[in-house]
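Per-entry structural report
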Amino acid sequence: MKRSMESCNAAGGVGSRGKRECALPFLLAGAVILAVVGNTWAAPAPKCAEAIRYHADAKVFVIQTQNSTYAIERNEAGVLNNTYWGPRIERVEDLPVGEENRFNRALIRQDEKNHIRAEYVGWGGWFYGEPALKATFADGTRSLKLAYRDHNITTDDKSQTLQVSLVDPCFPIEVRLHYRIYSGLDLVDRWAVVTNKGKEPITLESVQSATWHVPRNRDYRLTHLSGDWGREHRIEHVDLTQTAIRLGSRTGLSGPHANPFFALDLEGKATEESGQVWFGALHWSGNWKIVVEKNNFGQTRVTGGIEDFDFSWHLKPGDAFTTPVFTGGYTAHGFGAMSRMFHRYQRAHLMRPNKANRPVPLIYNSWFAVNSLGGHPDEPTMTRIAQQAADVGIELFVMDSGWEKKLGDWTPHAERFPNGLKPLVDRVHKLGMKFGIWVELENAHPDSDLCREHPDWVMQSPKRAQTGDQRGDLLLNLARDDVRDHMLAAMDRLLRDNAIDYLKLDMNRYVSEPAWPQVPLAQQKEFWVRYVRNLYYIFETLQNRFPEVIFENCAAGGARIDLGMARIFERVNRSDNQDPLDMPALHEGYSYVYLPGTAGGGGHIGVTPNFVNKRITPLRYRGHVAMLGSCSVSLALDRCTPEEMAELKKYVALYKELCGIIHNGDLYRLRSPRLNSYSAFEYVSEDKERAVLIILGKNMQRAEEPYPTLPRIQLSGLKPDWLYSVEGGKRMSGEGLMNAGIGFRLTGDYDSRVIRIKRVHEKPSDKGNQR
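No experiment lies behind these values; they were computed from the predicted model shown.

**What about the overall build of the protein?**
- If you tally the helices and strands in the protein, you get 13 helices and 42 strands.
- Across the 771 residues in the protein, those meeting the buried criterion constitute 61%.
- Residue pairs at least 24 apart in sequence account for 69% of intrachain contacts in the protein once pairs closer than 6 positions are excluded.
- As displayed, the protein offers around 29,500 Å² of accessible surface, 50% of which is attributable to carbon and sulfur atoms.

Right, dumping it as structure tokens:
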């Protein structure tokens, strides 16, 4: 169901001619209610759970989410200004509408743009901050003035969307801004569509998704995620001064040195569970930027979208350019509430409905048992390992690289798999497991059939060859539609002909020497965007053709993790780092934005010593760490002792028991591994009936304090008046668990606990400790 709720234009006003219109799409299941209220502001409308309204008399759009308000004012010049973003305000007359004009009238006349909290600024005039749009017209004009033309509000079963059209009075360009909200989430999806309405091409030099503004003349702390290979998702804090901070990536991937996410908390006071936080994340998997500015007027603003370095877009007459989505949100309850909002959003609105609430099966990956020991997968070896994996209780057997003829030729290696892949796949299925396989579509070996038959598919300029990666492999130009179609056909055959259940996409290099000599010079810098769009096209098409296949996003670990990939991949290689002591910190940063249950990679129950730093850790610790996300096993099973195999089976069974809570529950980061000698993560089921507490020690045993006394851990997210049983302890009410907490001991560097908590269906007793 989709319905247009209102349409208006600058000359004729709002659809109901001067009345306030309120669309209430979420109050009743299956119902859409339209309330029309008089324009007398004295009597506020009934509270809407989530709604978008336009107040014609004040020329204000009010976007109400469950607990926040986002308000946009149309000023006298037709410019859209953000007038408020923060805790929910019911009365429109309480919003600071028009205050910028009243308090800074002289300033506005001298500097007509720099003061403005403009929603989408075109570069030009007296504006010198980060523009949302920069364009060059056919006559050489390079400035823009965007003003309101019209708007409409539409509603469907899950969301409501405001579209506002901006135009330039002198040139035929239209910018259509989109704002979308969802039931139960204090989030706004924003994106822009730029259309050439004229008869001559327009060159877009920068086209951002959105600009966000937080309350003016306040001090903020910026939080972002930095990293590198093996140490992704590091949480960084920076106090803002009058400056501009640029976050971004120019590697062709969205990471791992930065992640397309930001958070601003007021005066640096926010914690996990308290404090005001404004935040956002881009849905884009290529070059991106987020610019955080605090200007000379005390205004902090955040502009983000596609990186405009080495970018331009030749917008032909009649064509439109759509930016990626930039999702923003507000919470008064700290970084933990921010994360849980992102997690619910991904399950409800990004992931495929048939997979959103389905945990990833327990995986065995062959890399460390075969490739890391100098071998290559072949049919006898894989058949033997598959039998061992089935005996342990593995649910999904994944064969990693080396099965292919050559990188770029996605057919089986003739000597290693003389009968093709089907006999191995059939054997794995008979053992009761699903079968998965590794691919790396974007690169090719110089000696591959693909490179010999299509040398022009390799990205290189006529006079400068491409620099190969450490393996000598070359990057293909996936911006080309023929390369896209070839790879899509190859993956379709691979999945269809072999009944494969799981596809792991890898990407082990960055873009170098970008070139596309086969297209006109004016279009060559479109490469960066067309590349990502074609990658999306391949996997969106595969998702539609193979709705039950599970897709994993791996890029040398966590080099391409973002909300764009979250739409089309159900599992993520969080990191290649196999040191279990590093994994809690990796998980803490990853879970700031991304769904914890999708986190694989660094969640292996892997070999020891690990290959990153040769640290030796007990199997118990590795097993408990792997419970944090999507658990996988990568041990060389034929080298395990009978005792190790028996212990491994316990962790396999534990994950199968807990995976539903880990994937679908709410995560509470109770103790940070960055700030403590141990970490604690709690997962609570949606119905509050069950929870699991995972406590992971590190550097616990010091000479000056051989037996440290640790504070009790207060849980979160439970029902205060329910009674719960605590594994290894007494029964406690939710109130007691969240206030008095749980006592525990850790007696060594790698000691750990997994504590299961379950509701007891009786009333709490005040008669003392119950067992």
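**Let's talk about the sheet that holds strand 38 (residues 678–684)**
- If you walk across this open sheet you meet the six strands as 37-38-39-42-40-41, and the pairing is antiparallel. Two strands close off the open sheet at either side, each with one partner strand: strand 37 (666–671) and strand 41 (731–733). If you compare each strand with its neighbour and ignore which way they point, the axes differ by 25° on average.
- With seven bridges joining them, strand 38 and strand 39 (residues 690–697) adopt antiparallel strand pairing. Opposite Y678, over in strand 39, you have G697 as the bridge partner.
- Each of strand 37, strand 38 and strand 39 is contacted by helix 10 (residues 583–590), which is oriented at about 50° to strand 38, the strand it contacts most.

**Observations concerning the sheet that holds strand 24 (residues 363–365)**
- Pairing within the open sheet is parallel, and its nine strands lie in the order 34-33-32-31-28-25-24-36-35. Edge positions in the sheet fall to strand 34 (599–600) and strand 35 (604–605), since each has one partner strand and no second.
- Where strand 32 (residues 550–553) lies against strand 33 (residues 571–573), two bridges are found, and the strand directions are parallel. Pairing of N553 across the sheet is with V572, part of strand 33.
- Those strands touched by helix 5 (residues 422–430) are strand 25 (396–399) and strand 28 (434–439), and its axis lies near 140° from that of strand 28.

**With respect to the packing of aromatic side chains**
- Scanning the entire structure with this criterion turns up 31 aromatic pairs.
- Look at Y54 and F61: their rings are 4.5 Å apart centre to centre, the planes differ by 45°, and that puts the pair in the tilted class.
- Classification of F61 by relative accessible area gives buried; the value is 0%.
- Between W313 and F321 the ring centres are 5.0 Å apart and the planes differ by 70°, which places this aromatic pair in the edge-to-face class.
- Joined through ring pairs, the aromatic side chains of Y70, W85, Y179, W212, F262 and F326 make up one cluster.

**Focus on the side chain of R88**
- Looking at the element boundaries, R88 is found in the loop between strand 7 (80–87) and helix 1 (99–103).
- Taking relative accessible area as the criterion, R88 reaches 16% and is therefore assigned buried.
- Polar side-chain contacts of R88 include one of 2.6 Å to the backbone oxygen of T65.

**With respect to the environment of P609**
- With respect to the element layout, P609 can be found in the loop between strand 35 and helix 11 (619–625).
- Under the relative-accessibility criterion, P609 is labelled partly exposed at 40%.
- Separated by 30 residues in the primary sequence, P609 and D579 place their C-alpha atoms 8.5 Å from one another.
- Those residues in contact with P609 that sit more than four places away from it in its chain are K614, R615 and I616.

**Let's talk about the pairing of strand 14 (residues 220–226)**
- Counting buried residues along strand 14, seven of its seven residues qualify, which places the element largely inside the surrounding structure.
- Side chains Y220, L222, H224 and S226 of strand 14 all project onto a buried face; the interleaved residues R221, T223 and L225 project onto the opposite face, where all are buried too.
- Pairing geometry for strand 14 and strand 15 (residues 234–239), over six bridges, is antiparallel. Pairing of H224 across the sheet is with E236, part of strand 15.

**Some remarks on a nonpolar patch on the surface**
- A cluster of nonpolar side chains, contributed by W229, F611 and V612, occupies part of the molecular surface with about 250 Å² of accessible area.
- Of note, W229 is situated in the loop between strand 14 and strand 15.
- According to the relative accessible area criterion, W229 is partly exposed, its value standing at 39%.

**With respect to the state of the cysteines**
- Taken as a whole and assessed by the stated rule, the structure comprises zero disulfides.
- Cysteine C659 shares no disulfide, and the gap to the nearest cysteine sulfur, in C631, comes to 9.6 Å.
- When its relative accessible area of 15% is taken as the criterion, C659 is described as buried.

**Points about the packing of helix 7 (residues 481–498) against helix 8 (residues 527–545)**
- At a minimum axis distance of 10 Å, the contact between helix 7 and helix 8 shows a crossing angle of 30°. As the angle between them shows, helix 7 and helix 8 are arranged roughly parallel. For the element pair helix 7 and helix 8, the recorded crossing hand is right-handed. From helix 7, D481, R484, M487, L488, M491, D492, L495 and R496 reach across to helix 8, where they touch N534, Y537, I538, T541, L542 and R545.
- Here the residues of the contact of helix 7 with helix 8 sort into seven nonpolar, two polar and five charged.

**Some thoughts on unusual backbone geometry**
- Following G255, the chain continues into P256 via a peptide bond in cis, with omega recorded as 5°.
- Along the polypeptide, P256 turns up in the loop between strand 16 (244–249) and strand 17 (261–266).
- Its identity as a non-glycine residue notwithstanding, A556 has a phi of 50°, on the positive side.
- Tracing the sequence through the fold places A556 in the loop between strand 32 and helix 9 (563–566).
- In this model, K688 sits at a positive phi of 70°, which is unusual for a non-glycine residue.
- Relative to the elements of secondary structure, K688 occurs in the loop between strand 38 and strand 39.

**Concerning the nonpolar core**
- By size, the foremost hydrophobic cluster in this structure holds 162 residues, and its most contacted members are Y120, L133, F397, W403, L503, F539 and L542.
- The contacts of L503, once residues within four sequence positions are left out, are I437, V439, M491, L494, L495, F539, L542, V549, I550, F551 and E552.

**Notes on the pairing of strand 19 (residues 288–294)**
- Burial of strand 19 is extensive: seven of the seven residues sit out of reach of the surface.
- A two-sided burial pattern is seen for strand 19, the buried positions comprising W288, I290, V292 and K294 on one face and K289, V291 and E293 on the other.
- Summarising the sheet, strand 16 and strand 19 pair through six bridges and their orientation is antiparallel. Of the residues in strand 19, the one forming a bridge with R246 is V291.
- Sheet topology places strand 19 next to strand 20 (residues 300–306); seven bridges connect them, and they run antiparallel. Following the sheet pairing, V292 is matched in strand 20 by V302.

**Topic: the pattern of salt bridges**
- Tallying each qualifying case throughout the model produces 50 salt bridges.
- For R452, the salt bridge goes to D447, with nearest N and O atoms at 2.6 Å.
- Residue classification places R452 among the partly exposed residues on the basis of a relative accessible area of 48%.
- The exposure class of D447 is partly exposed, given its relative accessible area of 40%.
- Through salt bridges with shared partners, a single network forms among R149, D150, E174, R176 and K197.

**A few points about the side chain of Q388**
- You can see Q388 is positioned in helix 4 (residues 379–392).
- Apart from residues lying up to four places away in sequence, Q388 is in contact with L637 and D638.

**Brief notes about the confidence of the model for the protein**
- Model confidence for the protein is summarised by a mean pLDDT of 89, while 89% of its residues fall at 70 or above.
- Throughout residues 1–46 the model reports pLDDT below 50, and contacts reaching past four residues in sequence, or to other chains, amount to 111 contacts.
- Every residue in residues 767–771 scores below 50 in pLDDT, and together they form eight contacts with partners more than four places removed in sequence or on other chains.

Reading the values: the criteria
Residues numbered from 1 in each chain as written. Predicted model: local features only at pLDDT ≥ 70, side-chain atom pairs only at ≥ 80, totals over all residues. Heavy atoms only, no water. Helix = DSSP H or I, 4+ residues; strand = E, 2+ residues; numbered from the N terminus. Buried < 20%, exposed > 50% of the residue type's maximum accessible area, 1.4 Å probe, protein only. Contact = heavy atoms within 4.5 Å. Areas by Shrake-Rupley, 256 points an atom, 1.4 Å probe, with all protein chains shown as cover. Pairing = 2+ DSSP bridges. Axes fitted to C-alpha atoms, helices over the stretch in contact; angles between N-to-C directions. Phe/Tyr/Trp six-rings, centres within 6.5 Å; stacked < 30°, edge-to-face > 60°. Polar contact = N/O pair within 3.5 Å; in protein donor to acceptor, adjacent residues only side chain to side chain. Patch = residues over 30% accessible without salt bridge, like charges linked within 9 Å, V, L, I, M, F, W, Y side chains within 5 Å. Salt bridge = Lys/Arg side-chain N within 4 Å of Asp/Glu carboxyl O. Disulfide = S-S within 2.5 Å. Parallel < 35°, antiparallel > 145°, perpendicular 65-115°, else oblique. Left-handed = near helix turned anticlockwise from the far one by under 90°. Nonpolar A, V, L, I, M, F, W, Y, C, P; charged D, E, K, R; others polar. Core = buried A, V, L, I, M, F, W, Y, C linked by side-chain atoms within 4.5 Å. pLDDT = per-residue confidence, 0-100.

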